[in-house]
Amino acid sequence: MLKLFNSLSRKLEEFKPIKPKEVGLYTCGPTVYNYAHIGNLRTYLFEDFLRRILVYNGFKVNHVMNMTDVGHLSGDQDFGEDKMEKEGGDAAEIMTLAKKYTDAFLADIDKLNILRADVIAPATGNIVEQVELIKTLLEKRFAYETELAIYFDVARLADYPKLTNQKLSDMKVAARSDVIIDQNKKHPADFALWFKLAGRYKNHILRWPSPWGDGFPGWHIECSAMSRKYLGQPFDIHTGGVDHLFPHHPNEIAQSEAAFGVPLANYWLHGEHLLINDGRMAKSEGNFITLQTLIDREFNPLAFRYLALTTHYRSRLNWTWESLLGAKNALYNLYAQISVLEMAAGGAKEFEQAFEEAINDDLNTAQALAVVWDLIHSEEESSAKLASLLKFDQVLGLKFKEAWIAGRDIPAAIKQLVIEREGARAAKDFQKADELRRQIEAAGFTLEDTIDGWRLKKKF
Ligand SMILES: [Zn+2]
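As named in an unreviewed UniProt entry, the protein chain is Cysteine--tRNA ligase. For the record of the protein chain, the UniProt heading Subcellular location (unreviewed entry) holds the text "Cytoplasm". Among the UniProt annotations of the protein chain, the heading Subunit (unreviewed entry) holds the following wording: "Monomer."

As structure tokens, this is what we get:
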């Protein structure tokens, strides 16, 4: 039985899909105005663990992800500059930039062995659906028009904002100290569904026709429109980072539920932040680390995946280079152990049960990794170990099969020396590690440490 922590109820709940054996999953995607940093990537890793665990449990997953390429203003509020337009240029140049960062994002997630969503939908490719949804909200009087924009009327919903502990009355006080750009907003917390080409956005470059004149959509409406288009409403699981707990997700819920009178999604999951030096990662803080930064320092991207697995998705991960190095050593040690196993057959049932219990306990991947190591160190048959590990890797995504294949054609005695050397390195006994390397080379093999782990070659 799969249990998930639902942000809506703030409780651990048994997962019950709408359709038997099928899951609709919507994960909020990136705003493609820059490279993703490793804090962003941690969220996509958590969502990948979730998706793979659903598949492991026998569900067919329909996974939809949006790409925000218009309407996300700096600061996540309804003022500030459109993130996409910050760099300047005409419409074609802005779209070229969006393409560049979309491609970079997809390349990053491929390197992390994150499965791509079945549908990857850009906001600018679904403007008509967003306009239709805004029309529905106006007809049902959940929205109103000013000279500058169309706003969602938050006071019309008794339970706005869902997912947070905030009350609307408190938000009014808080928002008063902010800059209120549009004096005709009914409530400071009302958020924009559509911006007109007026006021600050008079010269906004990305623009589309609408019944209210040319303009561009607000940030939140794209997810309401596209999740409904591709998954229907309600669908099963909606996810994102904890920074979406407000304002993005409550605003998605407000739009979709006001328009159609049914819930948007049944389960909401949120991944915690990755912290660096106990602070949030941001370009302005000078601590903006991308996947390429790790690769430049010769880290295998899967070492970062291993590190993400070691911390529960609802706990903060305090990131350091030392923790990444520890994850890399553990991963390569694991690869060395796997490379000496016999052809897969059967399976270690007890361990498979423990693994399943861990992942089904709100994605306890740290415990699942502990099961992996227990199995490695157990007395189970070598072939059973490999069979179970390959099965576990459907969830872990650490490429165990590749590690095993790479270990073929090398005498067992030599592989044993490599395992001992990985163990010595993990224990920081570098003298012993060097001695073992000399033994391996004396036996006629060269041992190279590469970004993908070690590589053994026969000397000729
Ligand atoms: Zn979203």
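That shown, we press on.
Q: Account for the coordination of the zinc ion, naming residues and giving values.
A: The protein atoms donating to the zinc ion are C28 (SG), C223 (SG), H248 (NE2) and E252 (OE), with metal-donor distances spanning 2.0 to 2.2 Å. Here the zinc ion binds four donor atoms, and the angle range of 80 to 128° at the metal identifies the geometry as irregular.

Q: An account of the nonpolar core is needed here, citing residue identities and associated values.
A: One finds F152, I237, F304 and W319 to be the most contacted residues of the largest nonpolar core, which totals 118 residues. When residues of this core are sorted by domain, at least three fall in each of domain 1 (13-271) and domain 2 (276-408). Among all residues touching F304, those that are not within four sequence positions of it are I38, L41, R42, L45, L112, L274, L294, W319 and L324.

Q: Let's hear about the pairing of strand β8 (residues 192-196): which residues, and what values?
A: With respect to burial, β8 is a largely interior element, five of its five residues being buried. Where strand β7 (residues 149-152) meets β8, three bridges bridge the pair, whose relative direction is antiparallel. By the bridge assignment, A149 is partnered in β8 with F195. In this structure, β8 lies alongside strand β9 (residues 215-217), joined through three bridges in antiparallel fashion. Residue pairing across strands places F195 opposite F216, the latter belonging to β9.

Q: Summarise the domain arrangement of the protein chain; cite the residues concerned and give the values.
A: Interface size is often expressed as the accessible area that is lost when the parts come together. Under the domain assignment used here, the protein chain contains domain 1 (13-271), domain 2 (276-408) and domain 3 (409-460). Just the C-alpha atoms count here: the centres of domain 1 and domain 3 sit 50 Å apart.

Q: Outline the sheet that holds strand β5 (residues 119-122), supporting the account with residue identities and numerical values.
A: With parallel pairing, five strands are arranged side by side in an open sheet as β5-β4-β3-β10-β11. Looking along the sheet, the strands with just one partner apiece sit at the ends: β5 and β11 (265-271). On average, each strand axis in the sheet is inclined to that of its neighbour by 20°, with strand direction left out of account. When strand β10 (residues 235-241) meets β11, the two strands line up parallel, connected through six bridges. Looking at β11, one finds that T239 is bridged to L269. Across the sheet, helix α1 (residues 38-56) is in contact with β3 (22-27), β4 (60-67), β10 and β11; its angle to β10 comes to roughly 155°.

Q: How would you explain the pattern of salt bridges if you had to name every residue and give the values?
A: Following the criterion strictly, the structure yields 18 salt bridges and no others. Residues K19 and E22 are paired through a salt bridge, measuring 4.0 Å at the closest nitrogen-oxygen approach. Given the relative accessible area of 24%, E22 is considered partly exposed. What you see here is one network of salt bridges that share partners, running through D48, R52 and R305.

Q: Go over the pairing of β10 with me, naming the residues and quoting the values.
A: When you tally the buried positions in β10, you get seven out of seven residues, the bulk of the element. Relative to β10, β3 is paired through three bridges, and the arrangement is parallel. Within the sheet, the bridge partner assigned to Y26 lies in β10 and is H238.

Q: Give a description of unusual backbone geometry that names residues and reports values.
A: The omega torsion of the bond from Q233 to P234 falls at 0°, within 30 degrees of zero and hence cis. By the element assignment, P234 lies in the loop between α5 (221-231) and β10. Here the phi dihedral of R141 falls at roughly 60°; this positive angle occurs in a residue that is not glycine. Here R141 lies in the loop between α3 (127-139) and β6 (143-145). For K399, which is not glycine, the phi dihedral falls at a positive 65°.

Q: Hey, could you go over the side chain of H248 for me, with residue numbers and the actual values?
A: Tracing the sequence through the fold places H248 in helix α6 (residues 248-260). Here the side chain of H248 touches H220 through a polar contact of 2.9 Å, side chain to side chain.

Q: Go over the UniProt feature "domain: Cysteinyl-tRNA synthetase class Ia DALR" (unreviewed entry) in the protein chain with me, naming the residues and quoting the values.
A: Sequence positions flagged by UniProt for "domain: Cysteinyl-tRNA synthetase class Ia DALR" (unreviewed entry) are, in local numbering, residues 354-405. The distance from the first to the last C-alpha atom of residues 354-405 is 26 Å, and the span holds 77% helix and 0% strand.

Q: Describe in detail empty space enclosed by the protein, supporting the description with residues and values.
A: Any empty space left between atoms is shown by rolling a water-sized probe over those atoms. Applying the stated criterion across every chain yields a total of three cavities of 30 Å³ or more. Looking at the largest cavity, its volume works out to about 90 Å³. Along the walls of the largest cavity sit 13 residues, with Y44, H63, M65, I114 and L115 positioned nearest its centre. Listing elements by their share of the lining of the largest cavity, those giving two or more residues are α1, β4 and α2 (91-111). Here the element with the most residues in the lining of the largest cavity is α1; it accounts for four residues.

Q: Please set out the layout of surface pockets residue by residue, giving values where relevant.
A: Within this model, the largest pocket holds a volume of roughly 1000 Å³. No other element matches the four residues that α1 contributes to the lining of the largest pocket. Of the residues that constitute the lining of the largest pocket, the class distribution is 15 nonpolar, 18 polar and eight charged. Counting contributing residues per domain, the lining of the largest pocket is built from domain 1 (13-271) and domain 2 (276-408), each supplying no fewer than three.

Rules used throughout
Residues numbered from 1 in each chain as written. Predicted model: local features only at pLDDT ≥ 70, side-chain atom pairs only at ≥ 80, totals over all residues. Heavy atoms only, no water. UniProt positions renumbered as here; feature names shortened; annotations may be inferred. Donors = N, O, S within 2.8 Å, 3.2 Å for Na, K, Ca; no water. Tetrahedral: all angles 85-135°; square planar, octahedral: opposite > 155°, others 65-115°. Core = buried A, V, L, I, M, F, W, Y, C linked by side-chain atoms within 4.5 Å. Buried < 20%, exposed > 50% of the residue type's maximum accessible area, 1.4 Å probe, protein only. Domains from an automatic or database assignment. Contact = heavy atoms within 4.5 Å. Helix = DSSP H or I, 4+ residues; strand = E, 2+ residues; numbered from the N terminus. Pairing = 2+ DSSP bridges. Axes fitted to C-alpha atoms, helices over the stretch in contact; angles between N-to-C directions. Salt bridge = Lys/Arg side-chain N within 4 Å of Asp/Glu carboxyl O. Polar contact = N/O pair within 3.5 Å; in protein donor to acceptor, adjacent residues only side chain to side chain. 1 Å grid on protein atoms, 1.4 Å probe; cavity = no way out; pocket = protein on both sides within 12 Å on 5 of 7 lines; lining within 4 Å. Points joined across faces, edges and corners; volume = space filled by probe spheres on them. Nonpolar A, V, L, I, M, F, W, Y, C, P; charged D, E, K, R; others polar.

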